[in-house]
Amino acid sequence: MEPNLESLAAQMTLAEKAALTVGANAWETVPIERLGIPKLTMSDGPHGVRRVEGEGTPEAKTLPATCFPTASALAATWNVDLLGELGRALGDECIERGVDVLLGPGVNMKRTPLCGRNFEYFSEDPVLAGEMAAALINGVQSKGVGTSLKHFAVNNQETRRFTVDAVVDERTLHEIYLAGFEIAVKKAQPWTVMCAYNSLNGTFGAQNSFLLTHILREQWGFEGFVVSDWGAVHDRVAGLRAGLELEMPGPTPYRVQAVIDAVEAGELDEAILDRAVERLLVIILRAQETPKGHTSIDIDAHHALAHRIAAESIVLLKNADGILPLKGGETLAVIGQAAQTPIFQGGGSSHINPTRVDVPLDLLQARAEVQYAPGDSAALDRIEQGLINEAVNTAQGADAALLFIALPESIESESYDRPNLDLTPHQVALIQAVAQANPRTVVILNNGSAIDMRAWIGGVA
């Protein structure tokens, strides 16, 4: 491929080379049609293919895709083989949807349990995060589809995420915050790495040569290209010098012109621009080796895989008197809105429009005698005693009470952090009341990060 790259780059004008380093729109690179250089199409991930149709129009919609468990659940499986299987399924869905690069996985450390995006990240442990990410990347890329390892680096909070300066000493940086990235790069060679919004030790991630060149390329041997997080670029020319090959999203003509002007004024060595162009062309041409949009995927098989992964991700925190597994034949009180409207992902750019959703209440009703009470509402900001009384009455006559409790997407989301580790006051009061009414109470939690259980964990089985 190298002679072809050099030939293509040599034939490109300065304007064409500058244009290639800035996105054409929200998801695609600029094609150079006269030279047969196609566009590269990206899509949000990482636990599903968030392909948007009609971007920027009132009719814009997210196309259906399998919503696989989030990274917080994936890490709880400790199963790299399963992550490889998931990656291959994601690769197939990318091919079906015409996607060349899936934006994920995220391996940022869970430095604080309040981070609103923790559900998108694997772990507090860099080895677990790195191994899981490498397995997922290898699975996706085995299908001829690229990944984008993100967010490089030390992007561990949503509060002031565009402006915060993460000040980290060298040992901590390498042993904690970079180690997961290093494992994933060395074991899987993602096609792209996405820089972070924040600064590291005073320099923005999009123009941090220490990160993008010294660490990523010179120390770890990264071979792909670096793409900005969406809107992370402050100075396009400084970014190119530092090792940022692609700015997203586009179009931003003034950024392209800034690159042209810098080269013409002698402020940017054109060899630096040529190097960025060649790195982009390597991936653009590689992506074309796998034709897109020509296959159909087995939705049922992918849903079954998501089901299997979710089952393996369940963590049993407490099981007094061996209440679980249920024996069958019991009368069950099923309580909680999350049993009827399950919450299985957080908010933000990773939000998937799922092809199918399993509803716990429906599945339980097919296997047992069930009485249901809504119990709570995501909109409640106060204790609603009427809902609690109804739940207590339902629980009292049952052999066991299954209480579904979930953090709403409005609490766990990109763009902001959680204010505390608490469930809502109503949810706490509901758990306490139901557990008092029925000693055989099982609490089923759907949450993407840590919660404080001290007020009620002692009272449930």
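Criteria and thresholds
- Residues numbered from 1 in each chain as written.
- Predicted model: local features only at pLDDT ≥ 70, side-chain atom pairs only at ≥ 80, totals over all residues.
- Heavy atoms only, no water.
- Salt bridge = Lys/Arg side-chain N within 4 Å of Asp/Glu carboxyl O.
- Helix = DSSP H or I, 4+ residues; strand = E, 2+ residues; numbered from the N terminus.
- Buried < 20%, exposed > 50% of the residue type's maximum accessible area, 1.4 Å probe, protein only.
- Pairing = 2+ DSSP bridges.
- Axes fitted to C-alpha atoms, helices over the stretch in contact; angles between N-to-C directions.
- Contact = heavy atoms within 4.5 Å.
- Parallel < 35°, antiparallel > 145°, perpendicular 65-115°, else oblique.
- Left-handed = near helix turned anticlockwise from the far one by under 90°.
- Nonpolar A, V, L, I, M, F, W, Y, C, P; charged D, E, K, R; others polar.
- Phe/Tyr/Trp six-rings, centres within 6.5 Å; stacked < 30°, edge-to-face > 60°.
- Core = buried A, V, L, I, M, F, W, Y, C linked by side-chain atoms within 4.5 Å.

> Looking at this model, I keep getting lost on the pattern of salt bridges. Mind explaining?
In a structure, side chains of opposite charge can pair up when their charged atoms sit close to one another. Considering all chains together, one arrives at 24 salt bridges under this definition. Ionic pairing is found between K143 and D92, a salt bridge with its closest N-O pair at 3.3 Å. Within this pair, whereas K143 is found in the loop between α5 (126-141) and β5 (146-152), its partner D92 is found in helix α4 (residues 80-97), the two being separated by 51 residues in sequence. With a relative accessible area of 31%, K143 lands in the partly exposed category. A salt bridge links E182 to K186; its shortest N-O distance comes to 2.8 Å. Of this pair, E182 and K186 are both found in helix α7 (residues 179-188), 4 residues apart, which corresponds to roughly one turn of the helix. The exposure class of K186 is partly exposed, given its relative accessible area of 49%. Counted as one network, the salt bridges with shared partners bring together R117, E120, E158, R161 and E414.

> Which parts of the structure should I look at to understand the sheet that holds strand β13 (residues 400-406)?
Strand pairing within a sheet occurs via backbone hydrogen bonds; the two strands may be parallel or antiparallel. Pairing in this open sheet of 4 strands is parallel, and the strands run β12-β11-β13-β14 from one edge to the other. A single partner strand is all that each edge strand has here, and the edge strands are β12 (369-373) and β14 (441-446). Averaged over all pairs of adjacent strands, the angle between strand axes in this sheet comes to 20 degrees, irrespective of strand direction. Bridge analysis of strand β11 (residues 331-335) against β12 gives 5 bridges, and the strand direction is parallel. Bridged to T331 within β12 is E369. Its contacts with the sheet place helix α15 (residues 385-396) against β11, β12 and β13, and it is angled at close to 165 degrees to β12. Along the sheet, helix α16 (residues 425-437) makes contact with β11, β13 and β14, crossing β13 at roughly 170 degrees.

> For this particular structure, what's the right way to read the pairing of strand β7 (residues 192-195)?
Working note: regular strand, side chains alternate between the two faces of the sheet. Here β7 shows no split at all, with T192 and M194 on one side and V193 and C195 on the other all buried. Pairing of β5 with β7 involves 3 bridges; the strand directions are parallel. Within β7, the residue paired with F152 across the bridge is C195. Pairing analysis gives 3 bridges linking β7 to strand β10 (residues 225-227), with the strands arranged parallel. Each bridged residue has a counterpart across the sheet, and for M194 the counterpart in β10 is V227.

> I keep staring at the packing of α15 against α16 and nothing clicks. Help me out?
Between two packed helices, what matters for the description is the angle formed by their axes and the separation of those axes. Running from N to C, α15 and α16 cross one another at 25 degrees; their axes reach a closest spacing of 9 Å. With respect to each other, α15 and α16 are oriented roughly parallel. As α15 runs across α16, the sense of the crossing is right-handed. Across the interface between the two elements, L387, I388, A391, V392, A395 and Q396 of α15 pack against H426, A429, L430, A433, V434 and A437 of α16. Here the contact of α15 with α16 is composed, by residue class, of 10 nonpolar, 2 polar and no charged.

> Help me out: how do you make sense of the packing of aromatic side chains in this one?
Within a pair of aromatic rings, the relevant descriptors are the distance that separates the centres and the angle that separates the planes. Following the criterion strictly, the structure yields 4 aromatic pairs and no others. Pairing W27 with W230 gives two aromatic rings, centres 5.8 Å apart and planes at 40 degrees, and the pair type is tilted. With a gap of 203 residues between them, W27 in the loop between α2 (14-20) and β1 (42-44) and W230 in the loop between β10 and α9 (236-242) connect regions that are remote in the sequence. Here W27 matches W230 in class, with each residue buried. Ring centres of F162 and Y197 lie 4.4 Å apart, and the angle between their planes is 55 degrees; on these two criteria the pair is classed as tilted. Of this pair, F162 sits in the loop between β5 and β6 (165-166) while Y197 sits in the loop between β7 and β8 (199-200), placing them 35 residues apart in sequence.

> I tried to follow the nonpolar core on my own but got confused; where do I start?
A general trend in soluble globular proteins is that nonpolar side chains are found buried together. Counting 105 residues, the largest nonpolar core has F122, L149, F152 and W230 as the members making the most contacts within it. Take this core: its biggest share by element is 10 residues, from helix α11 (residues 270-288). When neighbours within four sequence positions are excluded, W230 is seen to be in contact with A26, W27, M42, L103, M194, Y197, M248 and P249.

> Before we go on, may I ask you to explain unusual backbone geometry in this structure?
Generally, phi is negative for residues other than glycine and the peptide bonds are trans, each holding for most cases. Here the amide bond leading from F152 into A153 is cis, since omega sits at 10 degrees, within 30 degrees of zero. Following L324, the chain continues into P325 via a peptide bond in cis, with omega recorded as 0 degrees. Topologically, P325 is positioned in the loop between α12 (299-313) and β11. Although it is not a glycine, R160 adopts a positive phi angle of roughly 55 degrees. Mapped onto the elements of the fold, R160 is located in the loop between β5 and β6.

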